Amino acid sequence: MAGLKRALEDNSSRNVKKSKLAKDKSKDAPENPVQFISTLANEEIDFPRGGGTSLTAAEVKTIRAEGTQEANSELFAASGNSHKKRSRSDTKSKTSLTPKKDAVRIEHLNYKRIVPGMKVLGQIASIQPLALIISLPNQLMGHVPITQVTSQLTSRLESMHEQEEPSDTESGDEESDSQTVPDLFQLFHAGQYVRAVVTNVHASGTTNVSGIGKTRDDAAKASRRIELSLVPKTVNTGVLKADLKPGFILSAAVQSVEDHGYILDMGVQGSSGFISFKDAQRGGSSKFQIGQLLDVAVVKMPSNGRICAVSVDPKVIQSSAIAEISNVTSVLPGILGQALITAVSPSGLNLQLLGFFDATADEFHVPANPAKAFKTGQKVKARILYEIPGHSPPRFSVSVLDHVLNLEEKRATHGISDRAAVPSAYPIGTILDGVKVKRIEPERGLVVEVQSHLDGFIHISHTSDDHVPMLSSSSGPWRLNTIHRARVVGYHPLDGLLQLSLRLSVLEQRFLQAGDIQVGEVLKGTVKQLTDSALFVSISGDVDGIIWPTHYADISLKHPSRRFKAGGSIKCRVLAVDADRKRVELTAKKTLIESTLPVLTSIEEAKIGMVTDAVVYRVLEKGLVVQFYGNLKAFVPSREASDNSSRLKDVFVAGRVVKVRILSVDLDPPRVVASIRQASSAAAATVTDISDIITDAVVEGVVTEIHKTTVVLSLRPSQARALLSLKALANIRGSLLPQLKASLKVGEVIESLVVVSRNEEKGFVTVAGQLKATDVPKKGHVSFDNLSIGQVIGGRVTRHGRHGAHIKVTGRISGTLHPTDTCDDYEAGIPFPAVDSILKTLVVDIDNSSRHLTLSSRPSRLAPDNAKLVVDREINTFNDLNVGDSVRGFIKSVAEHGLFVMIGRNIDARVQIRELFDGYVKDWKTHFELNQLVKGRILSADSESRRVEMTLRSGDLKRDAPSLTLDGLHVGQKILGRVKRVEQYGLFIEVDGTKISGLCHKSQLSDNKEADVTIALRTFREGDRVHAHVLSIDKEKRQLSFSLKPSHFAEDDSNVDDDAESGGVSGGEGTLGVVAGGDVEMLAINAGSDGDSEKSDPHEDSDSEGSDGEIGDEDMAVDLSMLSQSQSTRGPPSPKQAAPLKVAGFSWFSGNAVSDAESDEASSSDEGSEDGESSKRKKRRKKKEIEQDLTADMHAKLPESNADFERVLLGSPNSSYLWIQYMSFLLQLSEIDKARETGRRAIQTINFREEQERLNVWIALLNVENVYGTDESLEAVFRDAARHNDSKTIHLRLAAILDQSQKHEKAEEQYKRTSKKFGYSSKVWALFCEHYLRRGDLEQARKLLPRALQSLEKRKHLKTISKFAQLEYKLGDAERGKTIFEGIVDSHPKRWDLWSIYMDMETGQGDIQSLRNIFNRVFAIKMTSHKAKSFFKKWLELERKIGDEEGASAVKQKAVEWTQKAASGSQ
């Protein structure tokens, strides 16, 4: 039957011709009898699988009746005319009597007729976060996932997903704007028309649909079945370049933004669109986003057809129509064309579109009450909705509704709001008392008339709460023309139909959607479900509410399941309503439900002084954040939260109901400040009425309270509270502040006060002292016209601006007081007077144009005769400045290239970076701040260019040329410089005080040819201070080559250079720079030379020579730099030392560390093998450096972008330095988890052969867990690190980390665990002893030595005892250390290395006599001449350093005697 029905329709469509063509063909047709032709001959019979049909029972019945009638008429006509001939006249008469064609059956679009690939016109009903809900013809709904909007938007989403892990938060605003993907509500709006392609039709009941989650929106639920796509390439399939003629409308996507406009992707092969910025503004948007979908109309097509000009003007698109087409496939939904009505029926219209195609308009897309009835042969405009599938030539469904033709939202002609959009005029939940049934579809529903041009549709399921199988037009309660009471439950924008319901349960339902509920309303609900995170309450129908755990009750419930049972009744109050998300937040707190205070739901309703309820939302250190109804929040300062001084966290908890009083309300930006303390009745009573007190009134008051900086007064006779600054009162009485505090008493009367400001909310005023009448003229006599230069006037400081203090003289007269005009001594005076203070000033200048005064309060101007010595002279013009003048001023701004200093009223001086310090300071900005007083000297003053250059440096003022030139350098010279640039092949070093720079090749960094210079090169940074050796000079090419090899420098070179560097020129004017700001120059020198001349212990080399020890253990056993840093360890740590991750014992690079695997190798030698020791010493001549955990400085590193890190890591994946820097960057962004992931990724990435690099990352992970993790996470990382690295190293590093982070008890436990597991290691016992000594626990430290000797091998005893003795010298009792060493050298007199260590320890004590005794004892022992020479040399150096000339002479004499004695003995 289905196949037969379609055959009949196709046959009828083929016979659609114009009347003129029919007449012409009838004339030429031969007079042959009409032959019966089967309609099934050319028909593809549709046999559904299983013999079923895709049509409904009613459609099958109708088709059968039509088929029987048509077959009978054709059969009877053929049989009656088979035996006689017809004349031409009979043929004509027959032709005129029979209809030209059969009417095309009008069908509705439903889920069975809609197929993938169908193009359809839709209208956006709503916008979800990840999908668009589209209204389709005949009350259908579909959805467009966010990935099916445009291909450009999908690409942006994919790129955003790829960049989620390495997020670049430091990127600029422009970059972040371009990378941010816009939300769908920024690209579309409800009511917008779109062309779509059906991509999928899901089965009924489908819920797992992309972009649409669990929702209670009926429209969103209905849209799940039909999935659509808006991608122009898919929608415009079949459109050719030739079809792009003016007036043709289609969809396009913004592909790129160019200099003058936008390039559009129209999905047409070989052609793109362009729209200028000017034309884009006509579309209602100032800026289009890449990936945005636009509806465009072709305006102009060039000859090449590559770029066509389009328009987004809504008027152009609405009026664009086509009269003909060149290709059948180019007919798109939404095209407007001329149509001819061929038939009018109750179910709609039959039309002929564009003169060729059959088209239908169903009753839902024909105006309900048109001004003129439609007639056959009438021409109308129609807009294509979709192509009806299965027809050739194509057949279309069109709409002749006014709002579809104009591509706008349907308007209500009358109702709640005249000419308003239908959803606004009839929102969901509106009850309509009288709707009239105008049409009945028996198996589908009712069409009712709401108003003259607005209909509604009632589905059969919404006619009654009972099941209704069929509707009848002549009988039953819903027959034609009956009036019913209905309720709006939805809206179909494209059809312009309201979705109504007649069900009694819907009519009686209180709320249909969340938006119907009012915030603050008290209602009853039913407990639906209780979960761990919230309580869900059914309010009405499908509307549910949620109660958070903090709102279960006034107190915290430990067992909420005992109170809330499913199905139970609950009384609650509405806290907030989010209509877009359809969420209702409720509270079950009895205090809020029964409260009678006003409900505050928005900041516009907040009034100062209002007392209302609030809930504590968050407890901060400085105050509370409280929440009102409607998610409105306010801040309660700590002083307004409670009267007592307890911590807020001890008094308040989140969820507590408090009563607050609104103190202030700011709308832009929105901010509300409230008070809990003033909300009580007692506090409210203390707020007095100050409305009668006016500003500038003269009052007096009695002291009631005396605070640290202010005095509380009670004014007479109003008894209003007033605040007076103690500084202002001291100025009034002419006394010092300490004297005033000692003499001022409660109850004292203070007169002649002026009201400065009023605070009506808190009920107090601010007052200040009044100047004497002799000094200040009466305000009634002060006017701008009678002011003169030199006149003394009084004023009040209102604020501080860029040019100084703003002084208000009268209501209309004001002036500016520059900081340099406030006092004659900037350091002793008050350059920046306090706001609201009263000053006596002198008029310096009058600007009549701006009616502004320039004032001065210098005593030398106010009272020249009584003025004291002027320390800081007044600078008014550039002629007042001379080169070399010493001046003081205030920092106006800190720029990138230096400072700007205010030295005069209209004169600012510039101080460049190089003129700030005598030495190099890398982070120089931290030493300066705005309005800071500095002292410097004038370098130049140019009145024409109005430029003044100043320096804060000491020494010569000549800056014309550097003192050193290339000709002044020679090969072998030692220079001091800084690293200018770091390259892969070496360093560029700039000589200090010059602009000369040269290259230090990476091969000149180390004397060790086997060393990895690449790693050493990474240790340098731009700005590092270095000592360099001039290797070669090429004067022709003007090139310099430097060397940093240690072999080029003698031991005392660095000391000489440092002395030369620190010796600055001290002038007679005193220290330049920041006034009273500390030792700035010393900081500069230290910062400039930091790290250039680090010295290790003198005994470090000799310690490594020990033949009875472990090489690796000596690296971490004792802090060898403790001798030179002993003074700093006893004082408080510097800010740099207090960095959160600073833990000693971490090495960044493998070149500076000795693995613990090597540390346990036993290396012993005989005492007599001195020649072997000498050769070993030469190989180990290179000094070791103490390992430092550079992860401690992670937070001090400058942040870098993720892209930079990833790019650099591609080139150096095995660099632990880069990985740890990356972790530091993430920690600065509080991305703790990502920092952990980066550390794990580094361990997997670094080659397994790079054990030291992997160890560095493990140590960094331990630091991260120690600072940011828990004990469990730290233990887990520790165990992993111990498994993947040398276990002893990890144990010791963790102990050092805990010790450095002040977790001494945990560090002690770790040391105990380590000593128990690695008791055979001398290093472990030495570090354990050092831990106790640093904490001052000498008894426990000394108990470790016997325990260590029991656990260690005998060959390690001597070395361990030596280390314990060294620790006694450094951290314990030096006498005890000396006793231990005496025992060692007595039992092992020929251990020269131990003698050397003993001497070094005594050197630290500075006792030259003790050293002389030790040396005498050493030389009494038989030794080689080579060893004797080294000891004599060492003795001579010590005599020169801490001894005297006589001692040095004695050493030389003894050396001669020993040599002669040895020579005679050998003979």
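What counts as what
Residues numbered from 1 in each chain as written. Predicted model: local features only at pLDDT ≥ 70, side-chain atom pairs only at ≥ 80, totals over all residues. Heavy atoms only, no water. Pairing = 2+ DSSP bridges. Helix = DSSP H or I, 4+ residues; strand = E, 2+ residues; numbered from the N terminus. Axes fitted to C-alpha atoms, helices over the stretch in contact; angles between N-to-C directions. Phe/Tyr/Trp six-rings, centres within 6.5 Å; stacked < 30°, edge-to-face > 60°. Buried < 20%, exposed > 50% of the residue type's maximum accessible area, 1.4 Å probe, protein only. Expected span 1.5 Å × (residues − 1). Arc of directions from axis to C-beta. Contact = heavy atoms within 4.5 Å. Parallel < 35°, antiparallel > 145°, perpendicular 65-115°, else oblique. Nonpolar A, V, L, I, M, F, W, Y, C, P; charged D, E, K, R; others polar. Polar contact = N/O pair within 3.5 Å; in protein donor to acceptor, adjacent residues only side chain to side chain. Salt bridge = Lys/Arg side-chain N within 4 Å of Asp/Glu carboxyl O. pLDDT = per-residue confidence, 0-100.

J.: I keep staring at the sheet that holds strand β40 (residues 852–856) and nothing clicks. Help me out?
T.: Picture the strands of a sheet paired through backbone hydrogen bonds; they go either parallel or antiparallel. A barrel is described by the order of its strands in space; here five strands give the closed sequence β36-β37-β38-β40-β39, paired in mixed fashion. Between one strand axis and the next, the sheet turns by 50 degrees as a mean value, whatever way the strands run. As paired elements, strand β36 (residues 792–801) and strand β37 (residues 804–808) share five bridges and run antiparallel to each other. Counted as the bridge partner of R796 is K808 from β37.

J.: Just to check I follow, could you spell out the packing of aromatic side chains for this structure?
T.: As enumerated under the stated definition, the model contains 21 aromatic pairs in all. Both rings, one in Y262 and one in F288, keep their centres 5.3 Å apart while their planes meet at 55 degrees; by these two values the pair is tilted. Remark: F288 occurs in the loop between α10 (277–280) and β9 (293–300) and Y262 occurs in strand β7 (residues 261–265); sequence separation between them is 26 residues. Take Y262: its relative accessible area is 3%, and that puts it in the buried class. According to the relative accessible area criterion, F288 is buried, its value standing at 5%. Measuring from centroid to centroid gives 5.8 Å for F917 and F928, while their planes differ by 40 degrees, and the two rings are tilted. Taken together, the residues span a long stretch of sequence, with F917 in the loop between β43 (908–912) and β44 (933–942) and F928 in the loop between β43 and β44 at a distance of eleven residues.

J.: Could you clarify how one ought to interpret the pairing of β43 in this entry?
T.: Looking along a regular strand, one sees side chains alternate from face to face of the sheet. A one-sided burial pattern is seen for β43, the buried positions being A909 and V911 and the unburied ones D908, R910 and Q912. Where strand β42 (residues 898–902) lies against β43, five bridges are found, and the strand directions are antiparallel. The partner of V901 across the bridge, within β43, is A909. Counting the residues between successive antiparallel strands, the hairpin from β42 to β43 contains five residues.

J.: What's the story with helix α36 (residues 1304–1317) in this structure? I'm lost.
T.: Side chains three or four residues apart in an α-helix point the same way, a direct result of the helix having 3.6 residues per turn. If you check α36, its first and last C-alpha atoms are 20 Å apart, about what 14 residues at 1.5 Å a residue would give, namely 20 Å. Among the residues making up α36, those that are buried are A1307, E1308, Q1310, Y1311, T1314 and S1315. All buried residues of α36 fall inside an arc of 160 degrees around its axis, so they share one side. Of the residues in α36, the exposed ones pointing more than 90 degrees away from the buried face are E1305, E1309 and K1316. Tucked inside the fold, the buried residues of α36 contact α34 (1271–1284), α35 (1287–1300), α37 (1322–1334) and α38 (1338–1351).

J.: Which parts of the structure should I look at to understand the environment of G889?
T.: Counting through the fold element by element, G889 comes out in strand β41 (residues 886–894). G889 gets classed as buried once you look at its relative accessible area, which sits at 0%. A sequence separation of 69 residues divides G889 from T820, and the C-alpha atoms of the two residues are 7.4 Å apart. Apart from the residues lying within four places of it in its own chain, the contact partners of G889 are V901, M902, I903, Q932, L933 and V934.

J.: Just to check I follow, could you spell out unusual backbone geometry for this structure?
T.: Residue P393 is bonded to the preceding S392 through a cis peptide linkage, with omega at -5 degrees. In this fold, P393 is placed in the loop between β14 (379–388) and β15 (395–399). Cis geometry is found at the peptide bond from D668 to P669, where omega equals -5 degrees. Structurally, P669 is set in the loop between β29 (657–667) and β30 (670–675). You will see that Q139, though not glycine, has its phi angle at about 60 degrees, which is positive. Tracing the chain through its elements places Q139 in the loop between β2 (131–136) and β3 (140–145). Positive phi, normally seen in glycine, also occurs at L407, with a value near 55 degrees. Positionally, L407 belongs in the loop between α12 (402–405) and α13 (422–425).

J.: It is not clear to me how the sheet that holds strand β17 (residues 445–451) should be interpreted in this structure. Could you clarify?
T.: With mixed pairing, the five strands of this closed barrel are ordered in space as β16-β17-β18-β20-β19. Averaged over all pairs of adjacent strands, the angle between their axes in this sheet comes to 50 degrees, without regard to strand direction. Bridge count between strand β19 (residues 483–492) and strand β20 (residues 497–501): five bridges; the pairing is antiparallel. Paired with H492 across the two strands is L497, which belongs to β20.

J.: Explanation requested: the packing of α37 against α38 in the structure shown.
T.: For any two helices packed against each other, the geometry is given by the interaxial angle and the distance between the axes. The interhelical angle for the contact between α37 and α38, taken along N-to-C directions, is 170 degrees, at an axis separation of 8 Å. The orientation of α37 with respect to α38, classified from their angle, is roughly antiparallel. The segment α37 lies against α38, with W1325, F1328, C1329, Y1332 and L1333 engaging L1338, Q1340, A1341, L1344, R1347, A1348 and S1351. Looking at the contact of α37 with α38 residue by residue, the classes come out as nine nonpolar, two polar and one charged.

J.: Explain the packing of helix α31 (residues 1216–1228) against helix α32 (residues 1232–1245) here, please?
T.: In contact at an axis separation of 8 Å, α31 and α32 are set at 170 degrees when each is read in the N-to-C sense. Between α31 and α32, the angle is such that the two are roughly antiparallel. Touching W1219, Y1222, M1223, L1226 and L1227 of α31 are I1232, K1234, A1235, T1238, G1239, R1241, A1242 and T1245, all from α32. Here the residues of the contact of α31 with α32 are counted per class, giving eight nonpolar, three polar and two charged.

J.: So what exactly am I meant to see when it comes to the side chain of T612 here?
T.: Residue placement: T612 occurs in strand β26 (residues 611–619). At 2.6 Å, the side chain of T612 forms a polar contact with the backbone oxygen of P598. Ignoring any residue separated from it by four or fewer positions in sequence, one finds T612 in contact with L597, P598, L600, F628, V658, K659 and V660.

J.: What am I meant to see in the pattern of salt bridges here?
T.: When their charged atoms lie close together, side chains carrying opposite charge are able to pair. Here the structure, examined in full by the defined rule, presents 46 salt bridges. For R1355, the salt bridge identified is with E1353, shortest N-O distance 2.8 Å. For E1353, a relative accessible area of 41% puts it in the partly exposed group. R1376 serves as the salt-bridge partner of E1368, at 3.4 Å between the closest nitrogen and oxygen. Through salt bridges with shared partners, a single network forms among D821, R861, E874 and R905.

J.: Whenever I open this one, the confidence of the model for the protein confuses me. Can you help?
T.: Interpreting fine coordinate detail is not advised for predicted regions of low pLDDT. Per-residue confidence for the protein gives a mean pLDDT of 76; residues scoring 70 or more make up 78%. Element-level pLDDT for the protein is lowest in helix α24 (residues 1080–1089), with a mean of 33, against a maximum mean of 93 in strand β4 (residues 193–201). Segment residues 772–780 is flagged for pLDDT under 50; beyond a separation of four residues in sequence, or across chains, it makes eleven contacts in the model. The model gives residues 1077–1199 a pLDDT under 50, and that stretch makes 238 contacts with residues more than four places away or in other chains.

J.: I'm lost on the side chain of T820 in this one. Help?
T.: Summarising the element assignment, T820 is placed in the loop between β38 (814–817) and β39 (838–847). Judged by its relative accessible area of 3%, T820 is buried.

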